[in-house]
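Summary of structural features
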Amino acid sequence: MGAGREASISLDGVRDKNVMQLKKLNTALFPVRYNDKYYADAIASGDFTKLAYYNDICVGSIACRLEKKEGGAIRVYIMTLGVLAPYRGLGVGTRLLNHVLDLCIRQNISEIYLHVQTNNEDAINFYKKFEFEITDTIQNYYTNISPPDCYVLTKFVSQP
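What counts as what
Residues numbered from 1 in each chain as written. Predicted model: local features only at pLDDT ≥ 70, side-chain atom pairs only at ≥ 80, totals over all residues. Heavy atoms only, no water. Helix = DSSP H or I, 4+ residues; strand = E, 2+ residues; numbered from the N terminus. Rg over C-alpha atoms; globule rule 2.2 N^0.38 Å. Buried < 20%, exposed > 50% of the residue type's maximum accessible area, 1.4 Å probe, protein only. Areas by Shrake-Rupley, 256 points an atom, 1.4 Å probe, with all protein chains shown as cover. Lys, Arg positive; Asp, Glu negative; His and termini not counted. Charge placed at Lys NZ, Arg CZ, Asp CG, Glu CD. Disulfide = S-S within 2.5 Å. Core = buried A, V, L, I, M, F, W, Y, C linked by side-chain atoms within 4.5 Å. Contact = heavy atoms within 4.5 Å. Arc of directions from axis to C-beta. Pairing = 2+ DSSP bridges.

Moving on, we get to the overall build of the protein chain. Within the protein chain, the regular secondary structure consists of 4 helices and 7 strands. Going residue by residue from the N terminus, the α and β elements of the protein chain occur as β-α-α-β-β-β-α-β-α-β-β. Here the C-alpha radius of gyration of the protein chain, 15 Å, is about what a compact globule of 160 residues would show, namely 15 Å. C-alpha extents for the protein chain along the principal axes are approximately 40 × 40 × 35 Å. Among the 160 residues that make up the protein chain, the fraction classed as buried is 45%. Of the roughly 8,900 Å² that the protein chain leaves accessible, carbon and sulfur atoms contribute 48%. Taking the 18 positively charged and 17 negatively charged side chains of the protein chain as two groups, their mean positions are separated by 5 Å.

Moving on, we get to the state of the cysteines. Evaluation of the coordinates by the stated rule reveals 0 disulfides. No disulfide involves cysteine 104; its sulfur sits 7.6 Å from that of cysteine 64, the nearest cysteine. As a non-bridged cysteine, cysteine 150 has cysteine 64 as the owner of its nearest cysteine sulfur, 17 Å distant. Among the residues examined, cysteine 150 registers a relative accessible area of 0% and is labelled buried.

Moving on, we get to the nonpolar core. Membership of the largest hydrophobic core comes to 31 residues, with the highest contact counts inside it found for Ile78, Leu97, Ile112, Tyr127 and Phe132. Breaking this core down by element, the ones donating at least two residues are strand 2 (50-54), strand 3 (57-68), strand 4 (74-83), helix 3 (92-106), strand 5 (111-117) and helix 4 (121-129). If sequence neighbours within four positions are ignored, phenylalanine 132 has contacts with Ile78, Leu97, Ile112, Leu114, Tyr127, Leu153, Thr154 and Lys155. Grouped together as the second largest cluster of nonpolar side chains are 17 residues, Val14, Leu25, Tyr38 and Tyr39 included.

The next subject is helix 1 (residues 19-29). Within the sequence span of helix 1, burial applies to Val19, Leu22, Leu25, Asn26 and Leu29. The buried side chains of helix 1 occupy one side of the element, clustering within an arc of 115° when seen end-on. Counted as exposed and oriented over 90 degrees from the buried face of helix 1: Lys24 and Ala28. Where helix 1 is buried, its residues contact helix 2 (36-44), strand 2, strand 3 and strand 4.

Its location among the elements puts aspartate 41 in helix 2. Measuring from C-alpha to C-alpha, the distance between aspartate 41 and glutamate 67 comes to 10.0 Å, with 26 residues separating the pair along the chain. With near-sequence residues (within four places) excluded, aspartate 41 lies in contact with Cys64, Arg65 and Met79.

A few words now on the side chain of threonine 154. Mapping threonine 154 onto the fold places it in strand 7 (residues 150-156). Each residue touching threonine 154, except ones within four places of it in the same chain, is listed here: Glu111, Ile112, Tyr113, Glu131, Phe132, Glu133 and Thr135.

Of all 7 residues in strand 5, 7 are buried; the element is thus mostly enclosed. Burial along strand 5 is two-sided: the face carrying Glu111, Tyr113, His115 and Gln117 and the face carrying Ile112, Leu114 and Val116 are both buried. In the sheet, strand 4 pairs with strand 5 via 3 bridges, with the strands oriented parallel. Note on strand 5: the bridge partner recorded for isoleucine 78 is leucine 114.

See the structure below:
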């Protein structure tokens, strides 16, 4: 495969007409069921939420919410980022996260953060490769999954 594989990954926006793709992926990827507000926030974020296709097969997604901080600055919250197991390690998650990080730079957004279950070492290591740091631990953040605790991972995006 080698050098040509990056060309086979494409991203597409999430809209009302294809939001079912995101719902199907989330059902397969995550132990949590997401409510209507999650999907409304994902669609409202525009380019910050994307579906990823590998050779035209929908295999992953990133869904973000834009939040206003005190003082009016915008920060990005990554609600979910996931790739179906057979397609991990092929650069799909990297492509999704780099897309959002590039948008943050272009739109002058300096903070991006997420929650991750404390035992999800693969996710923690993935985000650390992109210079995210553990900035907090929240006890009993999750309900109905074990462990219920999460880390808050934050990256401050430096502007060029």
